[in-house]
Amino acid sequence: VVPGSFRPRSPAGGRPDQTLEILMTQLSTNACRKFYHPSSTPDLPVPYTSPLCPSDPLVVDGDAHALGSRLSDDLGLTAILPGATIDSFLFAPCGFSQNAVRGDRYATVHVTPEEAYSYASFECNFDFGGASPSSSGQTPANGGEEGVAAGLDTAEGIKRSTESLQELVEKVLRIFEPAKLTLTLFVSDDEDDATAGDRAKVHEGMRQLLNPELLEKYERVDRILYEFEGYVLVYAVFQQRQQQVVAQ
């Protein structure tokens, strides 16, 4: 391959290729407890608080996939990925893994809940508000994402994408309650079709990764906006504000 000759291709239908990755550490004690297998209850130093109950028939008779699916539903992870085919797995004594696909898009979640080195990751390249839902409100039978693209070079598209992205980040952080997190957002950027002004608007919209409420809780300690051939990258690091840590 000749250097500089590669150009990433956008998904079918001209939709932008955009990938969000959230890496979280120092999860709250409450969040960590949710990802322990019920059989691990006697070994926990604190009461078991997972939505899964050891006496539930599903827990007694179900396998790791069934337990993972139930936990995903109870925590709200399934709702974050509507219309997706999801495979979840709850490990014993602890740990969680999830993979989802919808059409040509994917999402993946991995959790290590031991408090001394707790970690969770969420990665997803679903559309972030770039397309309007179909009038029926139904998920297309082929697993695709129907709708009219608002366009990331329009004020409406930027606003919708930013608000949808912030909502997604808020839902993920509500589940895992991390003290520190790193957000990475890749968005395809067709320089041949967009003017410098259009790209500047897109980049400005991409900077708003946390909504005002979360910005009260987390302070940004690092941010990088990087452009390279075919893509724009936003990288940001946040940590809980000191008053929030003390209040816990």
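Residues numbered from 1 in each chain as written. Predicted model: local features only at pLDDT ≥ 70, side-chain atom pairs only at ≥ 80, totals over all residues. Heavy atoms only, no water.

Enquirer: Hey, could you run me through the packing of aromatic side chains in this one?
Expert: Each aromatic ring pair is specified by the distance between its two centres and by the angle formed by the two planes. Within this structure, the stated rule accounts for 3 aromatic pairs. Centre to centre, the rings of F35 and F96 are 5.6 Å apart; their planes meet at 55°, and the pair counts as tilted. Note that F35 is positioned in the loop between α1 (29-33) and α2 (57-61) and F96 in strand β3 (residues 96-102), a separation of 61 residues in sequence. Among the residues examined, F96 registers a relative accessible area of 2% and is labelled buried. Ring geometry for F89 and F91: centres 4.6 Å apart, planes at 50°, overall tilted. For F89, a relative accessible area of 26% puts it in the partly exposed group. One aromatic cluster is present, built from ring pairs that chain together F35, F96 and F176. (Phe/Tyr/Trp six-rings, centres within 6.5 Å; stacked < 30°, edge-to-face > 60°. Helix = DSSP H or I, 4+ residues; strand = E, 2+ residues; numbered from the N terminus. Buried < 20%, exposed > 50% of the residue type's maximum accessible area, 1.4 Å probe, protein only.)

Enquirer: So what exactly am I meant to see when it comes to a nonpolar patch on the surface here?
Expert: Nonpolar side chains collect at one region of the surface, where F186, I224, Y226 and F228 lie side by side and expose about 350 Å² of accessible area between them. In terms of residues, the nonpolar patch owes the most to one element, strand β7 (residues 218-228), which gives 3 residues. You can see F228 is positioned in strand β7. (Patch = residues over 30% accessible without salt bridge, like charges linked within 9 Å, V, L, I, M, F, W, Y side chains within 5 Å. Areas by Shrake-Rupley, 256 points an atom, 1.4 Å probe, with all protein chains shown as cover. Salt bridge = Lys/Arg side-chain N within 4 Å of Asp/Glu carboxyl O.)

Enquirer: Explain the environment of E167 here, please?
Expert: By the element assignment, E167 lies in helix α5 (residues 155-176). Of the residues examined, E167 reaches a relative accessible area of 42% and is grouped as partly exposed.

Enquirer: Would you mind showing me how to read the sheet that holds strand β6 (residues 178-188) here?
Expert: Adjacent strands of a sheet form backbone hydrogen bonds with each other and so pair up, either parallel or antiparallel. Pairing within the open sheet is antiparallel, and its 8 strands lie in the order β2-β3-β4-β5-β1-β6-β8-β7. Each end of this open sheet is capped by a strand with a single partner; those strands are β2 (85-90) and β7. Direction aside, neighbouring strands of the sheet carry axes that sit 5° apart on average. Two strands pair when backbone bridges link them, and β2 and β3 are joined in this way by 6 bridges, in the antiparallel orientation. In the sheet register, L90 faces β3, and the bridge partner there is F96. Strands β2 and β3 of the sheet are contacted by helix α3 (residues 64-75), whose axis makes an angle of about 110° with β2. (Pairing = 2+ DSSP bridges. Axes fitted to C-alpha atoms, helices over the stretch in contact; angles between N-to-C directions. Contact = heavy atoms within 4.5 Å.)

Enquirer: Looking at this structure, how should I read the environment of T29?
Expert: With respect to the element layout, T29 can be found in helix α1. Considering only alpha carbons, one finds T29 and F176, 147 residues apart in sequence, at a separation of 9.6 Å.

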